[in-house]
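Structural overview
Residues per chain, in single letters:
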Amino acid sequence: MTPITHEGLQTLWWLLKRVASRHTAVACYRNDGHNRMKLLWIVGSSKPFGPEGHFPIGSTQRRRLPVHPSVRGLCLLAATAGVAHDLGKVIDTFQAKLWAAIAGKEPPGDPIRHEWVSMRLLQLLRTGIPLDQAWTVLAKPNRVCEEPRFFCDGLRSVDDVLDFSVATHHRLFGPRNSSVARPDASEHCHQERHVKEAAPLPADIVHRLARLQQRLQTHFAAQSVAGAERILSLLTRAALILADHAVSSQSYPGLPPRQPVLLANTRHVDKRRIANQPLGWHLQAVGDLAGKMALNLARLSLPGLQPDAIERILTPAPTSGRFAWQNEAVRCIQSIRQSSQQPVLVFNMARTGAGKTLVNAKMACAFSPRPRLAYALNLRTLTLQTGASLKRTWQLEDDELSVLIGEQVVARLHEQASASALAPDGGQADEPQWDYWVTGDMVELPAWLEGLERTYPRLPALLGSPILVSTVDFLIGAMSPGLQARHIIPLLRLIDSDLILDEIDSYTPIQLIAILGLIQVTAMLGRSVICASATLSLPVANSIHRAFQAGFTQRQKWQGIGEPSHTVVVNDLLPPHVMQANVPFEAAYQDCLGQLRAALPTIAYRRPTLLEVKERSESAWLDSIQEGAQRLHDHHAWTFRPCNRQISFGLVRVANIRTAIMVADFLAGKLPHAFVACYHAQDFLIQRHLKEHRLDTLLRRSHGQRHIEEDEEIRMKVAGSKYASIPFIVVATPVEEIGRDHDFDWAVIEPSSLHSVIQTAGRVNRHRLVSVQHPNVAILQFNRNWVGQQQDGPVFIRPGLEAANGGGRYKSADLAQLLDWSALHVLDNGVRFSPHHQMALDEDRLLQQQLDEPLKIITGEAGYNSCWMTQGFYHQFRLRAHEPMEQWLAERHEGQWRFIRQLEDGKSIPCEMGVLYTPARPNQWLAYSLDELHNACLTWGISTEQGLSVRLRVQSRYSPPCYDVSFGLYWRVQAALA
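Residues numbered from 1 in each chain as written. Predicted model: local features only at pLDDT ≥ 70, side-chain atom pairs only at ≥ 80, totals over all residues. Heavy atoms only, no water.

1. Digging into the overall build of the chain
Within the chain, the regular secondary structure consists of 36 helices and 27 strands. Over its C-alpha trace the chain gives a radius of gyration of 30 Å, about what one expects of a compact globule, namely 30 Å for 978 residues. Along the first, second and third principal axes, the C-alpha atoms of the chain reach 95 × 80 × 60 Å. Buried residues in the chain amount to 57% of all 978 residues. By sequence separation, contacts in the chain at least 24 residues apart represent 75% of the contacts at least 6 residues apart. Counting every atom, the chain has about 41,300 Å² of accessible surface; 51% of that belongs to carbon and sulfur. Counting 101 positive and 94 negative side-chain charges, the chain places the averaged centre of each group 4 Å from the other. (Helix = DSSP H or I, 4+ residues; strand = E, 2+ residues; numbered from the N terminus. Rg over C-alpha atoms; globule rule 2.2 N^0.38 Å. Buried < 20%, exposed > 50% of the residue type's maximum accessible area, 1.4 Å probe, protein only. Contact = heavy atoms within 4.5 Å. Areas by Shrake-Rupley, 256 points an atom, 1.4 Å probe, with all protein chains shown as cover. Lys, Arg positive; Asp, Glu negative; His and termini not counted. Charge placed at Lys NZ, Arg CZ, Asp CG, Glu CD.)

Following this line, the structure appears as structure tokens:
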């Protein structure tokens with residue numbers, strides 16, 4: 001023992017990390033007094049140490065730990081699937097394709113996919129008929145494409161699980177374009193024809209398969225799989241894919257096979273294909289490895305947070321103030337863990353500004369003595385903010401927290417902004433092998449993942465870090481089995497991580513189905529889930545609960561667990577509520593909502609008012625926005641002391657980018673005393689970053705407004721204005737309402753949904769929490785969709801809950817009728833749960849309608865229990881719609897700026913018609929010329945090709961984009977140009 005400073009201890013840890021290997025095992029303890037040694041951290045392997053750092057002074061050799069019967073059955077399933085998975089490659093058409101590729105010829109297509117033939121052979125051999133008779137059966141075209149029973153009934157037996165895993169190890173079943181349909185053979189049988197073997201299968205493969213099938217029947221005769229088929233198929237298929245990937249990436253150790261040897265695959269050498277692995281060897285190797293992979297998956301245990309990090313995270317919040325509730329929430333989880341180790345579903349309904357982000361991670365640390373968590377968010381900027389916040393607040397090291405987003409440039413800009421560094425980065429190498437950008441130190445992974453690590457070099461940071469903060473786009477792959485590697489890698493993460501989903505009701509109903517599938521898979525894997533939102537409505541919460549319970553029930557059936565899972569509701573106003581298993585969830589949750597409404601404070605931080613639209617015209621609608629903005633500014637302007645003038649910061653939230661630019665242009669013309677900015681997602685990358693950086697700097701007002709008064713730009717604009725009262729207005733799309741930690745003085749809101757209204761209002765008076773007497777949130781009576789319609793149709797759409805195809809509708813498009821204004825004195829999350837507001841009731845009804853049928857597929861209800869096997873289900877209910885996009889760049893050409901459209905093949909086309917320019921407004925704000933943006937790219941250390949690029953949706957009926965120098969790029973309808 002020796003005295004040492006905290007900085008010295010961190011240096012020692014860093015030096016040890018640099019030289020640590022698989023054989024290193026160094027523990028550091030803090031002396032807390034007599035007989036009280038506190039484990040701080042471990043470098044290298046933690047296996048020699050107990051949970052609290054105890055270590056043996058001697059050891060004896062014991063037999064390996066017994067394998068649980070459920071895991072033994074899984075290993076048998078995976079090994080059998082490994083031997084059977086490529087049986088179909090013996091057919092003549094497949095062998096002809098491989099040998100044609102080796103000869104340098106164009107290989108013919110597969111009339112019937114080999115994995116389908118593998119399944120059919122497996123089914124026939126299972127009946128006891130010899131292999132030669134099986135080929136006689138498959139010589140009949142109608143018998144080859146015969147669909148299995150589980151297409152109608154779902155997986156009902158271990159044989160069904162095996163057949164499904166073999167047949168889908170490359171792709172799921174059809175149909176591809178129908179979301180609610182039973183599986184069919186359309187993706188595997190492209191034409192109905194007979195098949196025949198090119199040469200006999202090796203006899204040892206046939207004998208081994210028969211022995212494995214016999215062992216399977218014996219094992220599962222004693223252990224029923226009824227109700228556990230989904231989780232068995234999930235893990236069996238994952239083990240098979242991992243084994244197949246690992247074996248196929250190897251070079252065959254013997255002499256290269258020659259025709260007529262049955263081939264399994266080929267490989268590239270010097271830009272040509274050569275024969276690689278014989279089929280018999282390949283099947284043996286994959287069968288051997290798949291069983292081991294299944295055991296590895298079942299026993300996966302990666303590094304958790306170090307004890308000193310857990311201690312910092314679980315440090316109690318102050319016992320008084322608005323964060324005191326967090327201590328009760330953590331104690332509730334700890335109390336549950338003392339009596340049960342089963343998964344917990346937590347609904348965190350704390351209000352804006354109550355610290356949901358931090359308490360989510362605190363509760364996740366209380367789930368396990370070896371905390372590992374995956375924090376999933378819907379926006380990349382919010383992902384970066386959350387990662388930085390967790391790391392800064394709890395002083396986490398780079399190997400304890402990783403951040404993953406889809407844009408490397410955005411991550412680098414965020415890192416530099418967080419560090420206030422205005423110098424080039426020094427250049428981190430691009431990694432084209434990986435579509436995501438991952439920050440965080442590398443963590444040593446088990447040896448069995450080395451093959452996957454060679455393909456994805458950032459895998460150690462992605463899987464090994466105890467805390468992963470990522471966009472949900474990465475983790476959602478765990479519920480999409482058709483994505484192959486992009487399914488396996490997030491699945492590996494969730495096998496050993498609890499899941500946090502922030503702002504879960506910000507997703508559309510279609511997106512929410514994908515999220516529900518992710519929750520189900522997490523519960524199947526025995527992990528806990530935290531869902532956070534201040535406006536978590538009953539239909540969403542009930543759907544989450546049903547998906548979670550369906551997943552956990554699968555795990556109960558598989559492992560014979562008798563204990564139930566747990567459901568907890570926490571918020572910042574009431575003590576945590578642990579729901580009883582014998583009380584129906586809907587009734588219990590409705591009771592929680594009633595108690596929450598009653599506990600909401602009556603202090604008005606946000607007072608709403610209705611902005612009437614006098615007639616159904618665009619001009620009247622815009623006039624209402626102008627009048628509302630001016631009125632709110634008059635009531636909430638404050639004295640800017642350096643110039644003794646009145647200013648305010650206001651937000652105008654609209655639904656779409658073209659509308660935002662139109663409204664910004666209108667307000668700039670009608671309010672010459674105002675400075676107007678436009679914030680949306682269709683800016684150049686460097687331009688959006690500069691806007692967000694300035695807004696983050698100005699509108700974080702927890703400590704008052706002095707930093708605004710000292711801001712050089714604001715002082716210059718106010719001092720240079722000839723007006724005594726000056727509003728600063730940000731016209732923004734929904735990018736502002738989720739994830740931006742801004743505090744405006746007032747807001748005008750175009751309604752898309754009640755959730756959007758409440759979320760946007762949460763950006764008003766967010767930090768200061770000053771009681772107000774006059775309305776500071778104005779809600780438009782109608783949105784722009786209503787204004788632009790000749791006949792009444794859906795208006796709460798894109799974004800919104802109404803369907804374009806004439807599905808469910810609100811009772812009215814008029815906010816005067818949808819909200820009970822006589823009872824609406826305070827705008828808070830209670831409005832979303834109130835039975836007095838028709839809009840809340842309509843949204844509950846619309847959500848219920850749109851979630852009902854897809855949720856039956858997820859939970860496997862009768863009549864829907866096979867639909868989850870189809871490509872169409874995952875295509876229809878994917879997280880992001882794959883809309884065609886174009887990349888546009890601004891570049892200097894012969895001393896002038898021009899715009900370049902980049903095609904998918906990498907070619908660039910200058911915009912021959914020229915991008916239409918709208919001149920700059922004299923009262924523009926947060927607007928930058930192309931020359932200024934070019935210089936900003938150099939300052940922030942990114943290339944101009946990256947910083948001056950923007951992705952636009954392809955629009956067939958629009959002209960080339962219009963570049964509004966003040967407010968950004970947008971498409972202009974061609975008809976409007978005539």
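2. Comments concerning the packing of aromatic side chains
If you walk through the whole model with that rule in mind, you get 23 aromatic pairs. On the basis of an interplanar angle of 50° and a centroid distance of 6.1 Å, the ring pair of Phe649 and Trp925 is categorised as tilted. Note that Phe649 is positioned in strand β16 (residues 645-653) and Trp925 in the loop between β24 (916-918) and α35 (930-940), a separation of 276 residues in sequence. Trp925 sits in the buried class, given a relative accessible area of 1%. Between Phe684 and Phe899, the aromatic rings sit 6.2 Å apart at their centres with planes inclined by 20°, giving stacked as the arrangement. Here the residue Phe684 occupies a position in the loop between β17 (675-679) and α26 (685-698), and Phe899 occupies one in strand β22 (residues 896-902), the gap between them amounting to 215 residues. Take Phe684: its relative accessible area is 1%, and that puts it in the buried class. The buried category is assigned to Phe899, whose relative accessible area is 3%. Grouping aromatic residues by their ring pairs yields a cluster made of Trp116, Phe150, Phe151, Phe164, Phe173 and Trp868. (Phe/Tyr/Trp six-rings, centres within 6.5 Å; stacked < 30°, edge-to-face > 60°.)

3. Quick word on the domain arrangement of the chain
In terms of domain boundaries, the chain breaks down into domain 1 (6-44), domain 2 (69-299), domain 3 (307-416 + 431-599), domain 4 (608-826) and domain 5 (885-970). A straight line from the C-alpha centre of domain 1 to that of domain 4 covers 52 Å. (Domains from an automatic or database assignment.)

4. Considerations on empty space enclosed by the protein
Going through the model one piece at a time under the given rule, you end up with 3 cavities of 30 Å³ or more. For the largest cavity, the calculated volume is near 200 Å³. Of all the secondary structure elements, the ones that give two or more residues to the lining of the largest cavity are α10 (229-248), α21 (509-524), α33 (838-859) and α34 (871-876). A class-by-class count of the residues in the lining of the largest cavity yields 12 nonpolar, 4 polar and 2 charged. Two domains each donate at least three residues to the lining of the largest cavity, and these are domain 2 (69-299) and domain 3 (307-416 + 431-599). (1 Å grid on protein atoms, 1.4 Å probe; cavity = no way out; pocket = protein on both sides within 12 Å on 5 of 7 lines; lining within 4 Å. Points joined across faces, edges and corners; volume = space filled by probe spheres on them. Nonpolar A, V, L, I, M, F, W, Y, C, P; charged D, E, K, R; others polar.)

5. Overview of the side chain of Asn378
Along the chain, the position of Asn378 falls in the loop between β6 (373-377) and α15 (380-394). For Asn378, a relative accessible area of 14% gives the class buried. Within the local environment of Asn378, its side chain forms a polar contact with the side chain of Arg880, the two groups lying 2.8 Å apart. With sequence-adjacent residues up to four places away left out, Asn378 is seen in contact with Val472, Ser506, Tyr507 and Arg880. (Polar contact = N/O pair within 3.5 Å; in protein donor to acceptor, adjacent residues only side chain to side chain.)

6. A word on the pairing of strand β21 (residues 885-893)
Sheet topology note: the β21/strand β25 (residues 949-953) ladder contains 5 bridges and is antiparallel. Each residue of the ladder has a partner; that of Gln887, found in β25, is Arg951. Both β21 and β22 contribute to a ladder of 7 bridges, which runs antiparallel. Its bridge partner being in β22, Trp888 is matched across the sheet by Arg901. Connecting β21 to the next strand, β22, in antiparallel fashion are 2 residues, including Glu894 with a positive phi near 55°. (Pairing = 2+ DSSP bridges.)

7. Here's the deal with α15
Between its first and last C-alpha atoms α15 spans 21 Å; for 15 residues at 1.5 Å apiece the expected length is 21 Å, and the two agree. Residues of α15 that are buried: Thr381, Leu382, Thr383, Leu384, Gln385, Thr386, Gly387, Ser389, Leu390 and Trp394. Looking at the residues trailing α15, positive phi occurs at Gln395, about 50°. (Expected span 1.5 Å × (residues − 1).)

8. Focus on unusual backbone geometry
Of note, the amide linkage connecting Gly174 to Pro175 takes the cis form, showing an omega dihedral of 0°. Within the fold, Pro175 resides in the loop between α8 (158-167) and α9 (203-222). Backbone geometry at Arg798 places phi at a positive 45°, although glycine is not the residue there. On the accessibility criterion, Arg798 (63% relative accessible area) is exposed.

9. Some words on the pattern of salt bridges
Applying the stated criterion to the full structure yields 46 salt bridges. Taking the shortest distance from any N to any O, the salt bridge between Glu692 and Arg688 comes out at 2.9 Å. With a gap of 4 residues between them, Glu692 and Arg688 both fall in helix α26, about one helical turn apart. Taken individually, Glu692 and Arg688 each receive the classification buried, so the pair is uniform in this respect. In this structure, Arg694 engages Glu713 in a salt bridge whose closest nitrogen and oxygen atoms are separated by 2.5 Å. Note that Arg694 is positioned in helix α26 and Glu713 in helix α28 (residues 712-720), a separation of 19 residues in sequence. (Salt bridge = Lys/Arg side-chain N within 4 Å of Asp/Glu carboxyl O.)

10. Observations concerning the environment of Pro884
Locating Pro884 in the fold gives a position in the loop between α34 and β21. Its relative accessible area of 52% is what places Pro884 among the exposed residues. Between the C-alpha atoms of Pro884 and Val954, which are 70 residues apart in sequence, the distance is 5.6 Å. Among all residues touching Pro884, those that are not within four sequence positions of it are Leu952, Arg953 and Val954.

11. Looking at the side chain of Asp828
With respect to the helices and strands, Asp828 occurs in the loop between α31 (815-818) and α32 (830-833). Buried charged residue Asp828 carries no salt bridge. Nearest counter-charge: Arg351, at 6.6 Å. Engagement of the side chain of Asp828 in a polar contact is seen with the backbone nitrogen of Gly830, the distance being 3.0 Å.

12. A word on the state of the cysteines
Per the counting criterion, the structure on display carries 0 disulfides. You can see Cys592 has no disulfide; the closest cysteine sulfur is in Cys332, sitting 11 Å from it. (Disulfide = S-S within 2.5 Å.)

13. Quick word on the environment of Pro466
Counting through the fold element by element, Pro466 comes out in the loop between α18 (459-464) and β9 (467-471). Accessibility expressed as a relative area gives 3% for Pro466, which makes it buried. The spatial distance from the C-alpha of Pro466 to the C-alpha of Gly304 is 5.0 Å, given a sequence separation of 162 residues. The contacts of Pro466, once residues within four sequence positions are left out, are Pro303, Gly304, Leu305, Pro371, Arg372, Leu373, Asp399, Glu400 and Arg493.

14. Comments concerning the nonpolar core
The biggest cluster of nonpolar side chains holds 255 residues, and the ones touching the most others in it are Leu501, Phe649 and Trp925. For this core, the leading source of residues is α10, giving 11 residues. (Core = buried A, V, L, I, M, F, W, Y, C linked by side-chain atoms within 4.5 Å.)

15. With respect to the packing of α9 against helix α11 (residues 279-298)
Here α9 crosses α11 at 30°, and the two axes come no closer than 9 Å. By the angle between their axes, α9 is roughly parallel relative to α11. Seen along the crossing, α9 lies across α11 with a hand that is left-handed. Contacts between α9 and α11 involve Asp204, Ile205 and Arg208 on the former and, on the latter, Gly280, Leu283, Gln284, Gly287 and Asp288. (Axes fitted to C-alpha atoms, helices over the stretch in contact; angles between N-to-C directions. Parallel < 35°, antiparallel > 145°, perpendicular 65-115°, else oblique. Left-handed = near helix turned anticlockwise from the far one by under 90°.)

16. As for the environment of Ala461
Looking at the secondary structure, you find Ala461 in helix α18. Between the alpha carbons of Ala461 and Ser389 there is a distance of 19 Å; along the sequence they are 72 residues apart.

17. Examining the packing of α26 against α35
Contact geometry for α26 and α35: axes closest at 10 Å, N-to-C directions at 75°. Considered as vectors, α26 and α35 are oriented roughly perpendicular to each other. The segment α26 lies against α35, with Ile686, Gln687, His689, Leu690 and His693 engaging Leu933, Ala936, Cys937 and Trp940. Residue composition of the contact of α26 with α35, grouped by class: 6 nonpolar, 3 polar and no charged.

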